[in-house]
Amino acid sequence: MSDWGPVFVAVVLFVLLTPGLLFQVPGRHGCVEFGNFQTSGASILIHSLLYFALVCIFFLAVKLHLYIS
């Protein structure tokens, strides 16, 4: 049995935290923009840090596991 929890969490967070897809922090015209499909270097950095923090929380603190047999 293989543990698919980390793979599932990483893919879902990657899709949700893609800059400009659902939201963008910082936005081009404000602090937060929703669904503008644009990105900048600063937003890539912020979203990368958010992704890293959430992945660490889910993998190390919560110890999320998903077994598919």
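Residues numbered from 1 in each chain as written. Predicted model: local features only at pLDDT ≥ 70, side-chain atom pairs only at ≥ 80, totals over all residues. Heavy atoms only, no water.

1. Digging into the packing of aromatic side chains
Remark: the centre distance and the inter-plane angle together describe each pair of aromatic rings, the angle taken between the planes.
Then, in step 1: For the coordinates displayed, the defined rule picks out 1 aromatic pair.
Then, in step 2: On the numbers, 6.5 Å between centres and 80° between planes, the contact of Phe14 with Tyr51 is edge-to-face. A residue pair is termed long-range when its members are at least 10 positions apart, and Phe14 in helix α1 (residues 5–16) and Tyr51 in helix α2 (residues 41–61) qualify at 37 residues.
Then, in step 3: Tyr51 sits in the partly exposed class, given a relative accessible area of 26%. (Phe/Tyr/Trp six-rings, centres within 6.5 Å; stacked < 30°, edge-to-face > 60°. Helix = DSSP H or I, 4+ residues; strand = E, 2+ residues; numbered from the N terminus. Buried < 20%, exposed > 50% of the residue type's maximum accessible area, 1.4 Å probe, protein only.)

2. Here's the deal with unusual backbone geometry
Then, in step 1: Of note, the bond from Val25 into Pro26 is cis; its omega dihedral lies within 30 degrees of zero at -15°.
Then, in step 2: Its place among the elements puts Pro26 in the loop between β2 (23–24) and β3 (33–34).
Then, in step 3: Non-glycine residue Phe37 carries a positive phi angle of around 55°.
Then, in step 4: With respect to the helices and strands, the residue Phe37 is situated in the loop between β3 and α2.
Then, in step 5: Classification of Phe37 as exposed rests on a relative accessible area of 64%.

3. Section: the side chain of Gln24
Then, in step 1: With respect to the helices and strands, the residue Gln24 is situated in strand β2.
Then, in step 2: Reaching out from Gln24, the side chain makes a polar contact with the backbone oxygen of Pro26 at a distance of 3.5 Å.
Then, in step 3: Beyond its immediate chain neighbours, meaning those up to four positions away, Gln24 contacts Cys31, Val32, Glu33, Asn36, Gln38, Thr39, Ser40, Ser43 and His47. (Polar contact = N/O pair within 3.5 Å; in protein donor to acceptor, adjacent residues only side chain to side chain. Contact = heavy atoms within 4.5 Å.)

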